[in-house]
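Analysis of the macromolecular model
So the chains spell out like this:
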Amino acid sequence: MTGRHVVRALSLVGALGVWQLLTAYDINLWLRFEQFPTVVDVAREFGERVGSGPYWQDLTDSLTRIVTGFTLAALAGVAVGTAIARSHLAADLLGPVLEVLRPIPAIALVPVAILLFPSNEQGIVFITFTAAFFPIMVSTRHAVRALTPVWEEAVLTMGGGRWRILASVVLPGALPGILGGLSVGIGVSWICVISAEMISGEYGVGYRTWQDYTVVDYPGVFVGMATIGVLGWLTSTTVELAGRRVTRWLPRVESGPPVRRPRVSPAPPAYQAPPAIEAQGLGRSPSAGRGG
């Protein structure tokens, strides 16, 4: 374990320690902590739920909804974003409709999902898909449009066709931007799937967290919140690691403060006469003719 990992682990431990102190001593200044469960209470509740079947069923249901909706959104978002960026016809047909739908929050589509789909499960997947689709589509569109035309022209001069350009130039060149959209999309997906489970779900982490709130089981609420946070972190890390693997050809820059290097003044260039003057023997400096 490196020093950075130790610092990160200590930051989590420190946050938990502050939480324990604020709740154990019922601190009630401007923020009220007297009704918050302590870290010990949440850990005890978590231990009890881990050994029960409903906890793992909720976990499995939420992960299944996220993976299904996000995978469909990734495929559709990359395809639609590339089509809009590369085709004027696609931009004219799909662009206006998508731009009108994009500002609508995905969670506001719950009534639409209830009316469209015969089951709550399909409706929740639809909301998850919608939440992830637009960030991925917009990132893909901008990344494809930002590509330099020189690469495409090079493929054309070597006899490559449209599909060759798409596979060799467009998608590899836009991949860093697409991965940025995927990272944003997975985070938005978790927000919307938990909200949809709270509103119309039957199982899932969001549904269970809301049920705990309705019966005033605050340790259970915090167990649900912690579970959501860990699942979101694991899925985001998975997307990031997969992105690094498929973009191994990109240069990596380690995060951290920039390293200051001493400024070195360049040495003055040596005198060199033009070739025509040198050929006539007139290119020598004044000191070169002395001392002979």
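Computed from a predicted model, the values in this text were never measured in an experiment.

Let's talk about the confidence of the model for the protein chain
With 85% of its residues at a pLDDT of 70 or more, the protein chain has an overall mean of 83. Across residues 273-283, confidence stays below pLDDT 50; counting only partners more than four residues off in sequence or on other chains, it has 6 contacts. A low-confidence stretch, residues 285-292 stays under pLDDT 50, and its non-local contacts, those more than four residues away or across chains, total 0 contacts.

A word on helix α6 (residues 120-145)
In an α-helix, one turn spans 3.6 residues, which is why side chains three or four residues apart end up on the same side. Given a rise of 1.5 Å per residue, 26 residues ought to cover 38 Å, and the 38 Å separating the end C-alpha atoms of α6 matches this to within 8%. Of all the bends in α6, the greatest reaches close to 25° and is centred on F133; the proline P135 follows between one and four positions later.

Side note on the packing of helix α3 (residues 53-86) against helix α4 (residues 88-101)
Closest axis-to-axis distance for the α3/α4 pair is 7 Å, and the angle between their directions is 125°. The angle between the axes of α3 and α4 places the two elements in the oblique class. The chirality of how α3 crosses α4 is left-handed. Where α3 approaches α4, its residues V80, A83, I84 and R86 are matched on the opposing element by H88, A90, A91, L94 and L98. Split into classes, the residues belonging to the contact of α3 with α4 amount to 7 nonpolar, 1 polar and 1 charged.

Some points on helix α8 (residues 162-200)
Compared with the 57 Å implied by 1.5 Å per residue over 39 residues, the 45 Å span of α8 between its first and last C-alpha is markedly short. The largest bend along α8 reaches roughly 55° and is located at L175, with the proline P176 sitting one to four residues downstream.

Thoughts on the nonpolar core
Across soluble globular proteins, you tend to see nonpolar side chains buried next to one another. If you look at the biggest cluster of nonpolar residues, it comprises 42 residues, and the most contacted ones within it are M137 and L182. Counting residues per element, the ones that place at least two in this core are α3, α4, α5 (110-116), α6, α8 and α10 (218-246). If one sorts the elements of this core by residue count, α8 sits on top with 13 residues. Ignoring sequence-local partners within four residues, the contact set of M137 consists of G77, V80, G81, I84 and L98.

Regarding the pattern of salt bridges
The tally for this structure, following the rule as stated, stands at 10 salt bridges. The salt bridge involving D217 is made with R49; its shortest N-O contact spans 3.1 Å. With D217 in the loop between α9 (205-214) and α10 and R49 in helix α2 (residues 39-50), this residue pair connects regions lying 168 residues apart in the sequence. In this structure, E99 and R102 form a salt bridge, with 2.9 Å as the shortest nitrogen-oxygen distance.

Conventions adopted
Residues numbered from 1 in each chain as written. Predicted model: local features only at pLDDT ≥ 70, side-chain atom pairs only at ≥ 80, totals over all residues. Heavy atoms only, no water. pLDDT = per-residue confidence, 0-100. Contact = heavy atoms within 4.5 Å. Helix = DSSP H or I, 4+ residues; strand = E, 2+ residues; numbered from the N terminus. Expected span 1.5 Å × (residues − 1). Bend = angle between axes of the 7 residues up to and from the residue. Axes fitted to C-alpha atoms, helices over the stretch in contact; angles between N-to-C directions. Parallel < 35°, antiparallel > 145°, perpendicular 65-115°, else oblique. Left-handed = near helix turned anticlockwise from the far one by under 90°. Nonpolar A, V, L, I, M, F, W, Y, C, P; charged D, E, K, R; others polar. Core = buried A, V, L, I, M, F, W, Y, C linked by side-chain atoms within 4.5 Å. Buried < 20%, exposed > 50% of the residue type's maximum accessible area, 1.4 Å probe, protein only. Salt bridge = Lys/Arg side-chain N within 4 Å of Asp/Glu carboxyl O.

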